[in-house]
Amino acid sequence: MQDWKDKYTSYLHKQQASSPQPASGSQLTGNLKTDIQELLARLGENGDLVVRDFQLFGTRQAAMIFFSSLVNTEQVREHVLKPLMARPSEHPGMPDQAAGMTHYIWSTVVQVTQGITTADLSTLPPAAVKGDLILLIDGVPEALHLDMRQIEMRGVEQPQTEQVIRGPREGYVEKLENNLSLLRYRLQSTDFRIEISPLGTRTQSRVALCYIDSLADSALVAEAMRRISMIHTDGILDAGYIEQFIEDQPLSPFPQVQSTERPDKTVAALLEGRVAILVDGSPFALIVPALFNQFFQTMDDYTERFIMGSLIRIIRLIALACSLFFPALYVSVISFNPELLPTDFAVAISGGRAGVPFPAVVEVLIMEVSMEVLREATIRLPQMIGGALSIVGVLVIGQAAVGAGLASPITVVIVALTTIGSFATPAYNAAIALRMLRFPLIILSGMFGLYGGMIGTILILNHLLFLESFGVPYMSPFIPGKWRDLKDTLVRAPLWWMRRRPSFLHTQDSDRLPSSVPSRAIDQILRQGDEKNE
């Protein structure tokens, strides 16, 4: 406790004292004490900053400066400090003069894969905060900084938001090198390009832009680079930061950039000619351009046979439509057009709603808001408590609401089906957009009946037709209609039938399958089957 009081007092004194700003671009002097003081002044006081003085080969004073939280101290001791403190007899080729000492250390002594020599003092603080080890030698007006960065990260695990039944179990982690290695593991092509640059004036987060040079449209790659270069902010803490800067219509509820934590999904997008963006420290990759039909597709659609994949996709589309339109349709029919229902069913609904004091629109809105609150609370709570809360919320509160006369049983059923349907949407951000648009549709249906629902639907469709993602219409390939691209939309055609890449991406190589493969492979398969039977 006393240490923190001392730190607090010292900090206040420093804030009150007028300290001169360090000059930028100055050169190292070769005086060890002066160079260390100047470097420490630029780095400031840090609890994990280590300054290690030692005798270089027993003949010359030297010092290592590094952050212990960013480097593996055991490797520093074994591969750098131990050989540098060896006796002169173990280094017969050691130069007698200061000139050439850093070159000798780099080429003969240290066992590090990456390092650089510099005389510019201003480059040393940024290198140190990235995890480099700075080596200063008395009498040598240049420093050697070695890449010793090693940060403990979690291992590769199954993605939490995009789980599959049949497919790889690998998901991105926070470290950029690991994520890029997962991509290169699956995409072992010399045309695979990765552009890495820091972004964020204070965080200097490394951002990687990935594409296949022989496939991706050069205009698309250039546009992605342009939008990233236009970002001027002090911090990029996640890929979501970049998404908000580069999307076409920030005010639209629909996502225009696809995010995924699956390397196989990213590679599939790259093979179609898209561009992927990864950020160091984020377990998500961004894929552009992103179209509406991408948000209800999963890797299971492609790892299963095309009949099963198409059936699952159609079921998912039905669930999507139910999650968006079902409550609004229920409100409009119950409030304005009950004659559309079978008589027995209409009587049963009227009997269930006999004790409910609210109109149908208010009743549905109450239940929808309750479900959204319950869903948000379940996500934020720990997994074990969240599961118990969801059971309590759905069963106990739902039954209690019916018993108390706040909602009718049919309303609980409608809202439950709607909620289950929204869970079937694979993309979380697209599911949020549908959940959000559900409320204005319910209100319009409660005010104008079926006409209100139709007006809301037309407005949503017009908005979707207006949207673009990196110059590509959001509703492609439906609008404008492209027959060959419709093979992977509502249903998933056989892989051997999808010979071409999507035309709206304007790829340099449009063929997925080589021209030597027959176009009507199904005919050959059927013919071979007949021959075997004979």
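In this report, the structure presented in the accompanying data block is examined. Remember, predicted model here, so these are calculated numbers, not experimental data.

What follows deals with the sheet that holds strand β4 (residues 132-137). Here we have 5 strands laid out as an open sheet, ordered β1-β2-β4-β5-β3, and antiparallel in their pairing. Each edge of the open sheet is held by one strand with a lone partner, namely β1 (49-56) and β3 (115-118). Ignoring which end each strand starts from, the neighbouring axes of this sheet average 20 degrees apart.

So, on to the environment of Q399. Structurally, Q399 can be placed in helix α14 (residues 383-403). Its relative accessible area of 57% is what places Q399 among the exposed residues. As a C-alpha pair, Q399 and P409 span 10 residues in sequence and 8.5 Å in three-dimensional space.

A complete count under the given rule lists 5 aromatic pairs for this structure. For the ring pair F57 and Y104, a centre distance of 6.3 Å and an interplane angle of 75 degrees mean the geometry is edge-to-face. One end of the pair, F57, is in the loop between β1 and β2 (60-67); the other, Y104, is in helix α4 (residues 101-109), with 47 residues separating them in the sequence. According to the relative accessible area criterion, F57 is buried, its value standing at 1%. A relative accessible area of 10% places Y104 in the buried class. Each residue in the set F254, F292, F296 and Y474 is aromatic and connected to the rest through ring pairs, giving one cluster.

Our focus in this paragraph is the nonpolar core. With 26 residues, the main nonpolar core has L56, F57, M64, V80, L84 and I105 as its most contacted residues. Broken down by secondary-structure element, the contributors of at least two residues to this core are β1, β2, α3 (73-84), α4, β4 and β5 (143-147). Residues within four places of L56 in sequence aside, it is in contact with A62, L84, M101, I105 and I137. If you look at the next biggest cluster of nonpolar residues, it comprises 21 residues, including L199, L220, V257 and I277.

It is worth spelling out the environment of V361 at this point. Tracing the backbone through its elements, the reader meets V361 in helix α13 (residues 360-380). Exposure remark for V361: the relative accessible area of 17% places this residue in the buried category. V361 has contacts with V331, I442, I443 and G446, leaving out every residue within four places of it along the chain.

A few words now on the pairing of β2. The buried fraction of β2 is high, at 7 of 8 residues. Here β1 runs beside β2; their pairing, made up of 8 bridges, is antiparallel. Bridged to L49 within β2 is F67. Between β1 and β2, which pair antiparallel in sequence order, lie 3 residues; one of them, F57, sits at a positive phi of approximately 55 degrees.

The next point concerns the sheet that holds strand β7 (residues 205-212). Spatially, 5 strands are ordered β6-β7-β9-β10-β8 in an open sheet, and the strand pairing comes out antiparallel. Each end of this open sheet is capped by a strand with a single partner; those strands are β6 (192-199) and β8 (258-260). For this sheet the average axis-to-axis angle between neighbouring strands, irrespective of direction, equals 25 degrees. In this structure, β6 lies alongside β7, joined through 8 bridges in antiparallel fashion. Counted as the bridge partner of L199 is S205 from β7.

Judged by side-chain polarity, I443, M447, F448, Y451 and M454 come together as a nonpolar surface patch covering roughly 580 Å² of accessible area. Counting only elements with at least two residues in the nonpolar patch, the list comes to α16 (428-448) and α17 (450-466). In terms of residue count, α16 provides more of the nonpolar patch than any other element does, 3 residues in total. Examined against the element boundaries, I443 turns out to sit in helix α16.

The rules behind these values
Residues numbered from 1 in each chain as written. Predicted model: local features only at pLDDT ≥ 70, side-chain atom pairs only at ≥ 80, totals over all residues. Heavy atoms only, no water. Pairing = 2+ DSSP bridges. Helix = DSSP H or I, 4+ residues; strand = E, 2+ residues; numbered from the N terminus. Axes fitted to C-alpha atoms, helices over the stretch in contact; angles between N-to-C directions. Buried < 20%, exposed > 50% of the residue type's maximum accessible area, 1.4 Å probe, protein only. Phe/Tyr/Trp six-rings, centres within 6.5 Å; stacked < 30°, edge-to-face > 60°. Core = buried A, V, L, I, M, F, W, Y, C linked by side-chain atoms within 4.5 Å. Contact = heavy atoms within 4.5 Å. Patch = residues over 30% accessible without salt bridge, like charges linked within 9 Å, V, L, I, M, F, W, Y side chains within 5 Å. Areas by Shrake-Rupley, 256 points an atom, 1.4 Å probe, with all protein chains shown as cover. Salt bridge = Lys/Arg side-chain N within 4 Å of Asp/Glu carboxyl O.

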